[in-house]
Amino acid sequence: MSVEADPVLTAERAHLARAADCLTEMRAAAHAVTDAGVDAWASERLGAARAERLRHLAADPGVPPFFGRTDSGAETFHIGRRHVRDAGGDPVVIDWRAPMSRPFYQASAADPQGLVRRRRFGFAGGELTSYEDELLGEGDQQAASLQGPAASSRAVGGSEVLSLLLEEIERPRSGPMRDIVATIQPDQDEIVRAPLTESICVQGAPGTGKTAVGLHRAAYLLYTHGGQLARTGVLVVGPNRAFLRYIEQVLPTLGEVDVEQTTVRDLTARVPVRATDPAELAVLKGDARMAEVLRRALWGGLVKPTDSIQVPLAGRKYRIPVERLKRYVDDLRRRGQLTDDLQTLHYAAGRERLAQSLAEDARRQKELAGGSPTDAETRRAARSPEVRAFCDEVWPAWDADALVFALFTEPGRLARAARGLLDDDEQAALHRPARSVRAFPWTEADAVLVDEAAGLLERTPGYGHVVVDEAQDLSPMQCRAIARRLAAGSLTVLGDLAQATSPWSSGTWARTLDGLGRPDTVVRPLTQGYRVPGEVLDFANRLLPAIAPDLPPATALRHEPGSLTVRPVGTLAGPLQEVVGELVAGEGSIGVVAADGEADEVVRLLGDAGLPAALLRDDGEAAARVAVVPATLVKGLEFDAVVVVDPAAIVAAEPRGLHRLYVVLTRAVSTLVVLHRDDLPAELAA
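Residues numbered from 1 in each chain as written. Predicted model: local features only at pLDDT ≥ 70, side-chain atom pairs only at ≥ 80, totals over all residues. Heavy atoms only, no water.

- As annotated in an unreviewed UniProt entry, the protein chain carries the name DNA helicase IV and is attributed to Petropleomorpha daqingensis.

### Some words on the overall build of the protein chain
In step 1: Within the protein chain, the secondary structure is distributed over 29 helices and 24 strands.
In step 2: Here the protein chain holds 686 residues, and 51% of them are scored as buried.
In step 3: Considering only contacts within the protein chain whose residues lie at least 6 apart along the sequence, 71% involve residues at least 24 apart.
In step 4: Working note: accessible area of the protein chain is about 29900 Å², and carbon and sulfur atoms make up 51% of it. (Helix = DSSP H or I, 4+ residues; strand = E, 2+ residues; numbered from the N terminus. Buried < 20%, exposed > 50% of the residue type's maximum accessible area, 1.4 Å probe, protein only. Contact = heavy atoms within 4.5 Å. Areas by Shrake-Rupley, 256 points an atom, 1.4 Å probe, with all protein chains shown as cover.)

### Concerning the nonpolar core
In step 1: Judged by nonpolar contacts, the single largest core of 78 residues is most densely connected at Trp96 and Leu665.
In step 2: Among the elements that make up this core, the one with the highest residue count is helix α6 (residues 210-224) (8 residues).
In step 3: Leaving out residues up to four positions away in the same chain, Leu665 has contacts with Val536, Phe539, Ala540, Leu543, Val644, Leu672, Val674 and Leu684.
In step 4: Counting 56 residues, the second-largest nonpolar core is a separate cluster that includes Leu313, Ala355, Val394 and Leu422. (Core = buried A, V, L, I, M, F, W, Y, C linked by side-chain atoms within 4.5 Å.)

### What about the side chain of Lys366?
In step 1: Within the secondary structure, Lys366 sits in helix α14 (residues 347-368).
In step 2: As a buried residue without a salt bridge, Lys366 has its nearest oppositely charged side chain in Glu377, at a separation of 6.5 Å.
In step 3: Setting aside residues up to four positions removed in sequence, Lys366 forms contacts with Leu313, Ala314, Tyr318, Gly371 and Pro373. (Lys, Arg positive; Asp, Glu negative; His and termini not counted. Salt bridge = Lys/Arg side-chain N within 4 Å of Asp/Glu carboxyl O.)

### Things to note about the sheet that holds strand β24 (residues 668-676)
In step 1: Read across the open sheet, the 6 strands follow the order β19-β24-β23-β20-β22-β21; overall the sheet is parallel. The open sheet is flanked by β19 (564-568) and β21 (613-615), the only strands paired with a single partner. With strand direction ignored, the average angle separating the axes of adjacent strands in the sheet is 20°.
In step 2: Across 6 bridges, strand β23 (residues 639-645) lies against β24 in parallel orientation. Note on β24: the bridge partner recorded for Val644 is Val674.
In step 3: Helix α26 (residues 599-608) contacts β20 (590-594), β21, β22 (626-630) and β23 of the sheet and is inclined by roughly 160° relative to β22.
In step 4: On top of the sheet, helix α28 (residues 657-665) reaches β20, β23 and β24; it is set at about 145° to β23, its chief contact. (Pairing = 2+ DSSP bridges. Axes fitted to C-alpha atoms, helices over the stretch in contact; angles between N-to-C directions.)

### Concerning the pairing of strand β13 (residues 316-320)
Taken residue by residue, a regular strand's side chains alternate between the two faces of the sheet.
In step 1: Where strand β12 (residues 309-313) lies against β13, 5 bridges are found, and the strand directions are antiparallel. Paired with Leu313 across the two strands is Arg316, which belongs to β13.
In step 2: Between β12 and the antiparallel strand that follows it, β13, lie 2 residues; Ala314 among them carries a positive phi value of about 55°.

### Quick notes on the packing of α14 against helix α16 (residues 385-394)
To describe two helices that pack against each other, one gives the angle between their axes and the distance between the axes.
In step 1: Running from N to C, α14 and α16 point in directions that differ by 135°, and their axes come no closer than 10 Å. Judged by the angle between their axes, α14 and α16 are oblique. The two elements α14 and α16 cross, and the hand of that crossing is right-handed. Facing Arg351, Glu352, Leu354, Ala355 and Leu358 of α14, the residues of α16 in contact are Val387, Arg388, Phe390, Cys391, Asp392 and Val394.
In step 2: When its residues are assigned to classes, the contact of α14 with α16 shows 7 nonpolar, no polar and 4 charged. (Parallel < 35°, antiparallel > 145°, perpendicular 65-115°, else oblique. Left-handed = near helix turned anticlockwise from the far one by under 90°. Nonpolar A, V, L, I, M, F, W, Y, C, P; charged D, E, K, R; others polar.)

### What to know about helix α21 (residues 476-486)
In step 1: Of all the 11 residues making up α21, 9 are buried; the element is thus mostly covered by neighbouring parts of the structure.
In step 2: Among the residues of α21, Pro476, Met477, Gln478, Cys479, Ala481, Ile482, Arg484, Arg485 and Leu486 are the ones counted as buried.
In step 3: Two residues or fewer past α21, Ala487 is found with a positive phi of approximately 50°.

### A look at α26
In step 1: For α26, the full list of buried residues reads Ala599, Val602, Leu605 and Leu606. Mapping the buried residues of α26 onto a view down its axis gives an arc of 120°, with all of them on the same face. α26 presents Asp600 and Asp608 as exposed residues on the side facing more than 90 degrees away from its buried surface.
In step 2: Tucked into the core, α26 has its buried residues touching α25 (573-584), β20, β21, β22 and β23.
In step 3: Directly after α26, the chain includes Gly610, whose backbone phi takes a positive value near 75°. (Arc of directions from axis to C-beta.)

### Observations regarding the pattern of salt bridges
In step 1: Going through the model one piece at a time under the given rule, you end up with 51 salt bridges.
In step 2: Among the salt bridges present, the one from Arg81 reaches Asp179, with a minimum N-O distance of 2.9 Å. With Arg81 in the loop between β2 (75-80) and β3 (84-85) and Asp179 in the loop between α4 (163-170) and α5 (186-192), the pair connects residues that are 98 residues apart, well separated along the chain. In this structure, Arg81 and Asp179 share a single accessibility class: buried.

### Structural notes on the sheet that holds strand β10 (residues 234-238)
In step 1: Overall, parallel pairing links the 6 strands, which are arranged β11-β10-β14-β15-β9-β16 in an open sheet. Two strands lie at the open edges of the sheet, namely β11 (260-263) and β16 (522-526), each paired on one side alone. Strand-to-strand twist across the sheet, computed as the mean angle between neighbouring axes with direction ignored, equals 20°.
In step 2: Here strand β14 (residues 465-468) runs beside strand β15 (residues 490-495); their pairing, made up of 4 bridges, is parallel. Paired with Val468 across the bridge in β15 is Val493.
In step 3: Set on the sheet, α6 makes contact with β9 (200-204), β10, β14, β15 and β16; between it and β15 the angle comes to about 165°.
In step 4: Docked against the sheet, α21 engages β10, β14 and β15, running at close to 155° with respect to β14.

### Considerations on the UniProt feature "binding site: ATP" (unreviewed entry) in the protein chain
In step 1: According to UniProt, the positions carrying the feature "binding site: ATP" (unreviewed entry) are Gly204, Ala205, Pro206, Gly207, Thr208, Gly209, Lys210 and Thr211.
In step 2: Residue placement: Pro206 occurs in the loop between β9 and α6.
In step 3: By relative accessible area, which is 0% here, Pro206 ends up buried.
In step 4: Ignoring any residue separated from it by four or fewer positions in sequence, one finds Pro206 in contact with Asp496, Gln499, Gly529, Val532, Leu537, Tyr662, Thr666 and Arg667. (UniProt positions renumbered as here; feature names shortened; annotations may be inferred.)

### What to know about the pairing of β9
In step 1: Most of β9 is tucked away: 5 of the 5 residues are buried.
In step 2: Here β9 shows a buried face lined by Ile200, Val202 and Gly204 and a second buried face lined by Cys201 and Gln203.
In step 3: Here 5 bridges tie β9 to β16, and the two strands are oriented parallel to one another. Across the sheet, Cys201 pairs through a bridge with Val523, a residue of β16.
In step 4: Alignment of β9 against β15, held across 4 bridges, turns out to be parallel. Residue pairing for β15: Val202 is matched across the bridge by Leu494.

Okay, structure coming up:
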């Protein structure tokens, strides 16, 4: 039977056309919403709601309205990236996040969840070209498929992967990361649909889709708890801007356009970063002890009142004795020292409360004398020069950067704040003389400390849900910076301990989760690799006994003979140009990964051969078809083909070089070529 004559394919194409027409009608209806002109506020809200609705309904010509279908006897649902309804309000496509879509991802022959059939569709250029069925009712699991220009059918065993599913997983990926709604697997779906109240840590081996799972969980939570999260917001934190550029289209493709995506560096960018710390000093500044040092430096600067003051109120002055002044200061200091976040009084608010306490004291004195001061007069008393001068003396005002600057440039201040926490050598390492805050050579680790100081001074606005990717590389102080943005919300923590490359990385998740303020978070492993071929994973897994002996090795869903090539070379120029030239003749994205110090040489060699290569930088700019990637920027990225240049140089470039090499070797979706001028690291050679 030809494709054109297949009645199932004909019917599904008709439904596809109907869904596209209905989506067009929904957009037209949203455009047609008119303003009744009630008032300016209502007009503004209506305009914002209409704009948001149109963004959610925006057409994407490369994304079909649906990708799957479920049959449960009398009911049939087509599953897609967004809900589509007809003019009568009846569903034409069900959003993949809706409860009735869950069986599409979770049903199996052993547990059909009410389904008798699951159907997947194949598309080419937006046209429906094939379908594949899984029969999930009683009896043996079977499948019938129609693919390409001719019909065929075959049986599918319980562990065999349906061909359309495999095609979608293997499809070449040029440009940014895509969503995975058509291929979400049951173990991934359980994480995606976890309740908003539950924080989750995903220990995900390479290729298991942990990043995609985290982003899809954000989309699911926004769909399920839209009203709540519209008020509190969702934050995605990635390791660098190149990574954010890679993932930036996933959530908009799923209809979610109001999620903030940032890096820890940008999240804590309160001072200009112009310098770099040695690894040992960065570890010290990232240590959780620094939080207590900063707290002591701030609150330890309060001064006990030594004399009474007179507060002007409504034309008279009222004396407040020193005993009451001491009590006001002590009461507020104790409130500022409480550890319960719901009770903690931030430093700046404490200063304002102190001024208000003095004004209220004067007000009570006037009332006892028969007066009746107004609220406005009391507020003016709190702002009077006498009250402000008193507060400046006993409760000094601070800016966050000025506090850290003073701590690092005044050895006596640091010694008082660090007593019993940091030894003399550590204090000496932190000391740096400088003339002014503006001239201070701030580093990334300093910026995190300034952010911590800002959090002590004033409350940091929080989000309803935070997704943190590559979390295994966070320092304890970076964890605290994220925790401050979390407030009472929940977390999705994503990472892989085997890919931990920072100098403060821990061998377990306990410290990170504790720093993020969610020590009881359950760690959920993902070990099934969907994107990386088995040959590549097996090669990279040789490093695991040395870098993460307690982690189980990742297993691959698929194997591709010939996907791995390890080639010794005497010189780099000819072999590199030859390999990249062959890859360019094919399709898909290409990443050439080298040690940071060798990346410019690689760009020059490829340019000399006329190959279109460009250096990937941490500035958010889009990558070229052939991207030369410094090894420190490759984390979280993936390419259809990866060429690794001189793995020994990558290992030698940093203390956790073997961990970095493990990251580099697991970025390939289809092809990995390793070119080495020196011997391979012993762990790989074995």
